[in-house]
Amino acid sequence: VTRHASNWAFGVVAALVVALLNLPPSAAGRLRLAAASLFVPLFGLAGAAAAAADQASYELLTRRTLITELERTKHERDALALQAAKGRAALDENNRLRALIGWQSTAPWKTRPAKVVGRNPAMWWRGVTIDFGAREGARINQAVLTPAGLVGRIRSVETTSSEVALLGDPECGVSAVVRETRDLGLIQEVRSSAVGDGFLTVRTLQICPGILPGHAVETSGFGGVFPAGISIGTVVDTRPGEGGLYTEARLRVAADLNRLEEVLVIAP
Amino acid sequence: MSWLPQSLLFVAAWLCIFAETLFPAWSRWIGGGVNLLPSLVAFAALHCPAGVAAGLALFGGIASDSLTSDKLGVSVGPLVLVGWIIHHRRRLILKEQFAAQLWVGLGAGLLAPAATLALITLGQRPAIAGWGDALPWLAGGLANAAASPGWRRLFDWLERILGEPKAASTSFRNDREIKRGRT
């Protein structure tokens, strides 16, 4: 009887095995999930034990080890911050150069790129030094600009660099024309750092009531230094000049003269 | 064995399967996990009723398959086979002997994985088993051989502390019975 009972027990389980192996995939999946869920508490317990062991190992760390590690991390952080700053600067330069090259290919003039390498701290609004000298073919009076607009002209040339007189400098007289009204004028000298605010004044040759805020001012091409059509700025407001003989129009300069980093020099 | 230690066999099976997942570095080194379930089923087949051994094989097999990508139920058959063979031969096995316990564990530890592998590879062309499976197979056999006497000691101890106490032998002796009256 006992032998019979044991055969029955193993036989029933064997039949169950056959049934299990032939279960449809969805039912087998549900059963598998149910069986696996039995182990969830154990896996949770193992995870908690591992975390506790980690915590215990932290408790065993000496103050000296922690301080050494902290110092190492600080050095590493500083080095990474420096690297990140360099990377950001390189990325910015890359973007600016891409924009410059893109504009250069569509500009009507033949231009050469140059980098601003210096500024006179005493008269910073009057001139900058660029890394474009006689060796690269620089000549006095070559026009310097950015994709946004006119910057100035080359005042003096060295072997590897040139000094640029910026708009508003007494040595950078520009003959200008209001694009909408074709009124001619001259860019006035700036005697202080007012150009730092981004404004210049153009004095017309006669009274010009037609000049309105928003009108564009560009080079006229009459001076012989700057080719015609280079943007100088936009009229902000106008007022009658001394004695009512001319009009003075205040311009917002198109190129940001305070943040020059790369410029283009118009080749002769 | 009383019912409480018998139920603890299922807990032991549960822990055995979980323990297989605990040492991934060891498993990588020998090429597979070590499953002590065959020796536990063999122990149950030797010391428990057939229903308990068969139930343990069913539970352990399903639980083991639930943590692997094998087809559900593929591990149950070999465990049932191990349990059935040992249960049928239990009167011939000297289960109190240490050497016998080792051999039973080794046999179960080698037979169950081999049968499982055979069941998995059945009809597979090309066969998925190779010589690389020999090391985990042998390691599994040796681990089960070592575990087999351990199961015996563990459950003997559990039986002592949790099982029903044995009835004390009576002081009554038939040969000392005083027969009254005439014989």
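Refer to the structure above for everything that follows.
I will try to describe carefully the structure that is included in this document. (Residues numbered from 1 in each chain as written. Chains lettered and ligands numbered in written order. Predicted model: local features only at pLDDT ≥ 70, side-chain atom pairs only at ≥ 80, totals over all residues. Heavy atoms only, no water.)

1. Here we look at the overall build of chain B
A count of helices and strands for chain B gives 7 helices and 0 strands. Ordered by position from the N terminus, the helices and strands of chain B form the series α-α-α-α-α-α-α. A buried classification covers 42% of the 183 residues belonging to chain B. Counting contacts in chain B only where the partners sit at least 6 residues apart, residues at least 24 apart contribute 76% of the total. (Helix = DSSP H or I, 4+ residues; strand = E, 2+ residues; numbered from the N terminus. Buried < 20%, exposed > 50% of the residue type's maximum accessible area, 1.4 Å probe, protein only. Contact = heavy atoms within 4.5 Å.)

2. What to know about the interface of chain B and chain A
The interface is formed by 32 residues belonging to chain B together with 21 residues belonging to chain A. The junction of chain B with chain A conceals about 2,300 Å² of combined surface from both sides, 79% of it contributed by carbon and sulfur atoms. It is Trp14(B), Phe18(B) and Leu72(B) that lose the most area in chain B upon contact with chain A, and together they represent 28% of the buried surface on that side. Applying the counting rule to chain B against chain A returns 0 salt bridges. When residues of the side of chain B that touches chain A are traced back to their parent elements, those giving at least two are helix 1 (3-20), helix 4 (50-66) and helix 5 (76-88) of chain B. (Buried area = accessible area lost by both parts, 1.4 Å probe. Salt bridge = Lys/Arg side-chain N within 4 Å of Asp/Glu carboxyl O.)

3. Considering the layout of surface pockets
Residues and elements named next belong to chain B. For the largest pocket, the calculated volume is near 800 Å³. Glu20, Gly33, Pro113, Thr116 and Leu117 are, among the 30 residues lining the largest pocket, the residues nearest its centre. Listed by contribution, the elements that provide at least two residues to the lining of the largest pocket are helix 3 (37-47), helix 4, helix 6 (98-121) and helix 7 (134-162). The element best represented in the lining of the largest pocket is helix 6, accounting for 7 residues. In terms of residue class, the lining of the largest pocket is built from 14 nonpolar, 12 polar and 4 charged. (1 Å grid on protein atoms, 1.4 Å probe; cavity = no way out; pocket = protein on both sides within 12 Å on 5 of 7 lines; lining within 4 Å. Points joined across faces, edges and corners; volume = space filled by probe spheres on them. Nonpolar A, V, L, I, M, F, W, Y, C, P; charged D, E, K, R; others polar.)

4. Re the nonpolar core
The nonpolar side chains of a soluble globular protein tend to be buried, and buried together. Leu9(B), Leu40(B), Val76(B), Ile86(B), Trp151(B) and Phe155(B) are the most contacted members of the largest nonpolar core, which has 46 residues in total. Secondary structure elements with two or more residues in this core: helix 1 (2-21) of chain A together with helix 1, helix 3, helix 4, helix 5, helix 6 and helix 7 of chain B. The element that contributes the greatest number of residues to this core is helix 4 of chain B, accounting for 9 residues. (Core = buried A, V, L, I, M, F, W, Y, C linked by side-chain atoms within 4.5 Å.)

5. Let's talk about a nonpolar patch on the surface
Where nonpolar side chains cluster on the molecular surface, the patch consists of Leu22(B), Phe23(B), Trp26(B) and Trp29(B) and spans about 510 Å² of accessible area. Along the chain, Phe23(B) turns up in the loop between helix 1 and helix 2 (24-30). (Patch = residues over 30% accessible without salt bridge, like charges linked within 9 Å, V, L, I, M, F, W, Y side chains within 5 Å. Areas by Shrake-Rupley, 256 points an atom, 1.4 Å probe, with all protein chains shown as cover.)

6. Thoughts on the sheet that holds strand 6 (residues 175-178) of chain A
Residues and elements named next belong to chain A. The strand order 6-7-8-11-10-9 describes a closed barrel built from 6 strands, whose pairing is antiparallel. Across the sheet, the mean angle from the axis of one strand to that of its neighbour is 40°, orientation sign disregarded. The pairing of strand 10 (residues 231-240) with strand 11 (residues 247-253) spans 7 bridges and is classified as antiparallel. Residue Asp237 lies in a different strand from strand 11, and its bridge partner there is Arg250. (Pairing = 2+ DSSP bridges. Axes fitted to C-alpha atoms, helices over the stretch in contact; angles between N-to-C directions.)

7. Focus on the pairing of strand 4 (residues 150-157) of chain A
Residue and element names in this part refer to chain A. For strand 4, the tally of buried residues reaches 6 of 8 residues, placing the bulk of the element in the interior. Of the strand pairs in this sheet, strand 3 (residues 143-145) and strand 4 are connected by 3 bridges, and their pairing is antiparallel. Bridge pairing in strand 4 links Leu145 to Leu150. Connecting strand 3 to the antiparallel partner strand 4 that follows it, the hairpin turn spans 4 residues. The pairing of strand 4 with strand 5 (residues 162-166) spans 5 bridges and is classified as antiparallel. Its bridge partner lying in strand 5, Val157 is registered against Ser162. Counting the residues in the hairpin turn of strand 4 and strand 5 gives 4 residues.

8. Here we look at the environment of Leu167(A)
Residue and element names in this part refer to chain A. Within the secondary structure, Leu167 sits in the loop between strand 5 and strand 6. For Leu167, a relative accessible area of 0% puts it in the buried group. Separated by 16 residues in the primary sequence, Leu167 and Val151 have C-alpha atoms spaced 6.0 Å apart.

9. Topic: the side chain of His88(B)
Structurally, His88(B) can be placed in helix 5. A distance of 2.6 Å separates a polar atom in the side chain of His88(B) from a polar atom in the side chain of Asn7(A). (Polar contact = N/O pair within 3.5 Å; in protein donor to acceptor, adjacent residues only side chain to side chain.)

10. Some remarks on the side chain of Thr116(B)
Residues and elements named next belong to chain B. Take Thr116: it is sitting in helix 6. The buried category is assigned to Thr116, whose relative accessible area is 13%. Polar contacts involving the side chain of Thr116 include one to the main-chain carbonyl oxygen of Ala112, which spans 2.8 Å. Those residues within four positions of Thr116 in sequence are excluded, and the remaining contacts are Val74, Ser75 and Pro78.

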